[in-house]
Amino acid sequence: MINSTSFLIVLRFILLVLVQVLVFNKLNFFGYINPLIYILFLYWYPIKQNRTTFIILCFFLGLCVDIFSDTLAINAAATVTIAYLRPTIMRFVFGVNYEFQSFKLNNSTKAQQFTFLALLIIIHHLVYFTLEIFSFSNSLLILQKTLTVGVSTLILGILFSTLFSSKKE
Amino acid sequence: MQQIINFLIRYKIFLLYLFLLLISFIFTFQSHSYHQSKFLNSSNFITGSIYTFSDNVTSYFSLREENNKLVEENKKLRDKLFNNVLLSPSKIDSTTVDYEVVRGRVINNSYADQRNYITINKGKNDSIVQDMGVITDKGILGIVENTSDNFSTVQSILSDKSNINAKIKNSNHFGSLVWENTTDYNVVQLIDIPRLVPLTIGDTIVTGAMSSIFPENIPIGTIKRFDLDNSKSFYFIDVELFNDMTNIGNIYIIRNLNRKEVLELEAETEAND
């Protein structure tokens, strides 16, 4: 059981990096909107896993995307931030009951799943574009990019998570 | 001691987070100087191979267009040849040429970031080194930044670190080509042109002679709009690029055979000051 879970995680890791760099980095909607779809990795990652491994994995996920897209290490910084904040966000969205053994993402309501994904995306994109632009004189640009790219990531993220969600009993 | 260990165990996740964040910050900020981080770039073997694979698939879709471009360029070169603009072939040998051209292909291109890099399929094995100029048939593209055995990354002119010597074609006044409005990928800015220079919209901008990277007179673009900058003594010129930065296939890498000599001489002169 553990092996199949780890295998799934590794497969997801590789596929998400490839899809991100080969498809979504070349999208360029309206010239600059490239959805950062790879953060679905954090959305799908099992809840009851070792946090240390999770954070380290997320760091390398960001770093892989960075190496492909020549963005220094800003993807890594943004991803590691949401990886660290994920339990806090989950407690905020799902309440205390996410800590129970039986809790599964599929059992929560659509609204909760949506909020969870949206919060992950907002924090990630805010860190990402702040580091990318890195000057407060352009704070409007940071907000504009966070908003537009965030919305596109959210839409595609919902589509993807619906497409690949395991069936409900 | 016990307390310190307890503290470490209690906050180990937070400390790990801080540590990883610090590493990414180091990678990010050490390269705010001129050159990109040495090992975090897409010119390595794995990324290069994956991008080559992807390019092998996607390049078929634009074959016809690429062919047209190349035929168009051949036509231009033939025009020059028949009008004797170039030296006669017998005069060209290794002692008289200043520049050598290597051809290559773009395997990954970006133009939506603040600093855009282009990955090309030529590297150290083709004697590509840092700071060689990269052009297309229409105009300049960027400067080689990192190389691996078979691949290189090129800092595009669409980068807030880019700074290239350029001049106005008919008057020879020179300035620096930068990219300040980092959301528009068809327009770059020419600064430091004094206000006494007569300008008209549509004037051609070409590379200047002060660079040891690009030869003189490589086309860049045309003046789209110009205005005085804050100091009111220099122009701030929007230059519309000849190149469509979103659609680049075949490129040429230029090696300046005199570059080493020029740099050595300049370093010597500065040291003597």
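Calculation criteria
- Residues numbered from 1 in each chain as written.
- Chains lettered and ligands numbered in written order.
- Predicted model: local features only at pLDDT ≥ 70, side-chain atom pairs only at ≥ 80, totals over all residues.
- Helix = DSSP H or I, 4+ residues; strand = E, 2+ residues; numbered from the N terminus.
- Rg over C-alpha atoms; globule rule 2.2 N^0.38 Å.
- Buried ≥ 20, exposed ≤ 12 C-beta atoms within 10 Å, placed from the backbone.
- Contact = placed C-beta atoms within 7 Å.
- Pairing = 2+ DSSP bridges.
- Axes fitted to C-alpha atoms, helices over the stretch in contact; angles between N-to-C directions.
- Parallel < 35°, antiparallel > 145°, perpendicular 65-115°, else oblique.
- Left-handed = near helix turned anticlockwise from the far one by under 90°.
- Nonpolar A, V, L, I, M, F, W, Y, C, P; charged D, E, K, R; others polar.
- Core = buried A, V, L, I, M, F, W, Y, C linked by C-beta atoms within 7 Å.
- Expected span 1.5 Å × (residues − 1).
- UniProt positions renumbered as here; feature names shortened; annotations may be inferred.

**Here we look at the overall build of chain A**
For chain A, the helix and strand inventory stands at six helices and zero strands. Reading the secondary structure of chain A in the N-to-C direction produces α-α-α-α-α-α. Rg of the C-alpha trace for chain A: 16 Å, near the compact-globule value of 15 Å for 169 residues, within the 12% margin. Referenced to the eigenvectors of the C-alpha coordinate spread, the extents of chain A come out at roughly 45 × 30 × 30 Å. Scored against the burial criterion, the 169 residues of chain A give a buried share of 38%. For chain A, long-range pairs separated by at least 24 residues make up 63% of all intrachain contacts whose partners lie at least 6 apart in sequence.

**With respect to the sheet that holds strand 1 (residues 99-108) of chain B**
Spatial ordering of the closed barrel is given by 1-2-5-4-3-12 (chain B), a layout of six strands whose pairing is antiparallel. Along the sheet, successive strands turn relative to each other by an average axial angle of 45°, direction set aside.

**Comments concerning the sheet that holds strand 10 (residues 219-228) of chain B**
All names here are of chain B. The antiparallel closed barrel is built from six strands, whose spatial order is 6-7-8-11-10-9. Pairwise comparison of adjacent strand axes, ignoring direction, gives a mean angle of 40° for this sheet. Relative to strand 11 (residues 234-241), strand 10 runs antiparallel, the two sharing seven bridges. Considered in strand 11, the bridge of Leu228 is made with Tyr235.

**Brief notes about the pairing of strand 7 (residues 174-178) of chain B**
Residues and elements named next belong to chain B. Where strand 6 (residues 164-168) meets strand 7, four bridges bridge the pair, whose relative direction is antiparallel. The partner of Ile164 across the bridge, within strand 7, is Leu177. From the end of strand 6 to the start of strand 7, which pair antiparallel, there are five residues, and Asn172 there has a positive phi angle of about 65°. Here strand 7 runs beside strand 8 (residues 187-194); their pairing, made up of three bridges, is antiparallel. Residue pairing for strand 8: Ser176 is matched across the bridge by Ile191.

**What to know about the packing of helix 3 (residues 51-69) of chain A against helix 4 (residues 74-94) of chain A**
Residues and elements named next belong to chain A. Two elements in contact, helix 3 and helix 4, have axes separated by 7 Å at closest approach and are oriented at 155°. Viewed along their axes, helix 3 and helix 4 adopt a mutual orientation that is roughly antiparallel. Read as a crossing pair, helix 3 and helix 4 show a hand that is right-handed. On helix 4, the residues that touch Phe54, Ile55, Cys58, Phe59, Leu61, Gly62, Leu63, Val65 and Asp66 of helix 3 are Ile74, Asn75, Ala76, Ala78, Thr79, Val80, Ala83 and Tyr84. A breakdown of the residues in the contact of helix 3 with helix 4 according to their chemical character gives 13 nonpolar, three polar and one charged.

**Some words on the nonpolar core**
Ranked by internal contacts, the top residues of the largest apolar core, which has 44 residues, are Tyr38, Ile39, Cys58, Leu61, Ala77 and Val80 of chain A. Elements represented by at least two residues in this core include exactly helix 1 (2-22), helix 2 (40-44), helix 3, helix 4, helix 5 (110-133) and helix 6 (139-163) of chain A together with helix 2 (12-29) of chain B. Beyond its immediate chain neighbours, meaning those up to four positions away, Cys58 of chain A contacts Leu42, Thr79, Val80 and Ala83 of chain A. Counting 38 residues, the second-largest nonpolar core is a separate cluster that includes Ile135, Val188, Phe214 and Ile251 of chain B.

**Considerations on helix 5 of chain A**
Residue pairs spaced three or four apart in an α-helix point in one direction, given the helix's 3.6 residues per turn. With 24 residues, helix 5 of chain A ought to run about 34 Å at 1.5 Å a step, and its terminal C-alpha atoms sit 34 Å apart, in line with that. Where helix 5 of chain A is concerned, the buried positions are Phe116, Leu117, Leu120, Ile121, His124, His125, Val127, Tyr128, Phe129, Thr130, Leu131 and Glu132 of chain A. Buried residues along helix 5 of chain A sit in contact with helix 2, helix 4 and helix 6 of chain A together with helix 2 of chain B.

**Quick look at the UniProt feature "domain: Rod shape-determining protein MreC beta-barrel core" (unreviewed entry) in chain B**
In this structure's numbering, the residues bearing the UniProt feature "domain: Rod shape-determining protein MreC beta-barrel core" (unreviewed entry) are residues 106-254 of chain B. Annotated as 0% helix and 49% strand, the span residues 106-254 of chain B places its first and last C-alpha atoms 15 Å apart.

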